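# Coordinate analysis (summary)
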Amino acid sequence: LLQENLIRIWTAFVMEEEHSNDQVIGVSEVKAGWLLERAGELTDEDPELITIKKYEHLLSDKVHIIIQEVLQENSIGFKLQDFQSLTLHCLGSLKNVILVVPTGVGKSLCSILGILVLRKVLGKSSGVGVGNLPLSALMEEKLKDQVIKTGLITMKGDLKVSSTEPIEDFKTGVIGFILGHPESWLTNTAKDITEALRKQDLIIFSGLDEFQMNLASHWGKDFRPLMRTVPGMLRGQSVKQAPTLCMTATATSSEIEELKVVMGL
């Protein structure tokens, strides 16, 4: 089925090229087979298969109460999906999580609500989450209408926020979720922020989105090498027991194993 779908995808791509260039290009199963080989063996990424019934052993009564408090205090307008609830239970139990679910189903909410849950679990009302994303467009999108005040650090070290709070609030926990490129975290601005937060024991969560892009097996070891070292470095700035959440829409089993080594999970 996957190979058939790849043939359809490749055919659609070629037809688009054919239409634009008025050229006739043949489509073969050889090309689809090459795409299939590149895809590798995918892990299960259907959120409907990540059910509370299947993973009931991950639930915690104590964390459940805290999750309900967070939901009451921050109206999100819909019921959590099972994979979101399970992720929050794991984070609230101070467990690291590798989450593989499709784009658009609500992965980002796990980070945002996870920080709010961890603030209560760890007793740090000004606790901060730090996150790595590979693309500016993804970070800009996360500044919009967030439950928690969010800021980002650009590759040049410039700061942007989702609110009108002063920039100084990056260092005091008022900005609860700080995002950046791997390269962003090595700017002087970011170093000042993380050092200030570390001294106050305020970094309670670290996140890595689109984690497969941070692996040497995905793009090669020479492509943005800081993507493979900075996320682990940030994790080391967190308070003791602070969990890490690594997310993506698709990953192979070998990529997940490589991630565990790179991040020390």
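Residues numbered from 1 in each chain as written. Predicted model: local features only at pLDDT ≥ 70, side-chain atom pairs only at ≥ 80, totals over all residues. Heavy atoms only, no water.

Okay, the sheet that holds strand β4 (residues 159-161) next. An order of β1-β7-β6-β2-β5-β3-β4 is seen for the seven strands of this open sheet, with the pairing classed as mixed. The open sheet is flanked by β1 (97-100) and β4, the only strands paired with a single partner. Ignoring strand direction, the axes of neighbouring strands in this sheet form an average angle of 20°. Relative to β4, strand β3 (residues 150-153) is paired through three bridges, and the arrangement is antiparallel. If you follow Leu-152 over to β4, its bridge partner there is Lys-160. Strand contacts of helix α4 (residues 82-92): β1, β6 (203-209) and β7 (244-248), with the helix running at about 165° to β1, the strand carrying the most contacts. Docked against the sheet, helix α7 (residues 188-199) engages β2 (128-132), β3, β4, β5 (177-180) and β6, running at close to 140° with respect to β6. (Pairing = 2+ DSSP bridges. Helix = DSSP H or I, 4+ residues; strand = E, 2+ residues; numbered from the N terminus. Axes fitted to C-alpha atoms, helices over the stretch in contact; angles between N-to-C directions. Contact = heavy atoms within 4.5 Å.)

So, about the pairing of β6. Extensive coverage of β6 is indicated by the burial of seven of its seven residues. Across five bridges, β2 lies against β6 in parallel orientation. Considered in β6, the bridge of Val-130 is made with Ser-206. Relative to β7, β6 runs parallel, the two being bridged by four bridges. Residue pairing across strands places Ser-206 opposite Thr-244, the latter belonging to β7. (Buried < 20%, exposed > 50% of the residue type's maximum accessible area, 1.4 Å probe, protein only.)

Right, let's get into α7. With twelve residues, α7 extends 16 Å between its outermost C-alpha atoms, agreeing within 8% with the 16 Å of an ideal straight helix rising 1.5 Å per residue. For α7, the complete set of buried residues consists of Ala-190, Ile-193, Thr-194, Ala-196 and Leu-197. Here the buried residues of α7 occupy an arc of 160° about the axis, which is enough to place them on one side. Turned more than 90 degrees off the buried face of α7, the exposed positions are Asn-188 and Lys-199. (Expected span 1.5 Å × (residues − 1). Arc of directions from axis to C-beta.)

What follows deals with the nonpolar core. Grouped together as the largest cluster of nonpolar side chains are 34 residues, with contacts concentrated most on Leu-80, Leu-99, Leu-113, Phe-177, Phe-205 and Leu-245. For this core, the secondary structure elements donating two or more residues are α3 (61-73), α4, β1, α5 (107-121), β5, β6 and β7. For this core, the element with the most residues is α5, which contributes eight residues. What Leu-245 contacts, discounting residues up to four positions off in sequence, is Thr-87, Leu-91, Val-97, Leu-99, Cys-110, Ser-111, Phe-205, Ser-206, Gly-207 and Leu-208. With 14 residues, the next largest nonpolar core counts Trp-185, Ile-193, Ile-203 and Leu-234 among its residues. (Core = buried A, V, L, I, M, F, W, Y, C linked by side-chain atoms within 4.5 Å.)

Confidence along the protein chain averages 75 in pLDDT terms, with 68% of residues attaining 70 or more. Within the protein chain, α3 carries the highest mean pLDDT (94), whereas helix α1 (residues 2-21) carries the lowest (40). Per-residue pLDDT stays below 50 along residues 1-32; that stretch engages in 21 contacts with residues further than four places along the chain or on separate chains. Segment residues 38-44 is flagged for pLDDT under 50; beyond a separation of four residues in sequence, or across chains, it makes 14 contacts in the model. (pLDDT = per-residue confidence, 0-100.)

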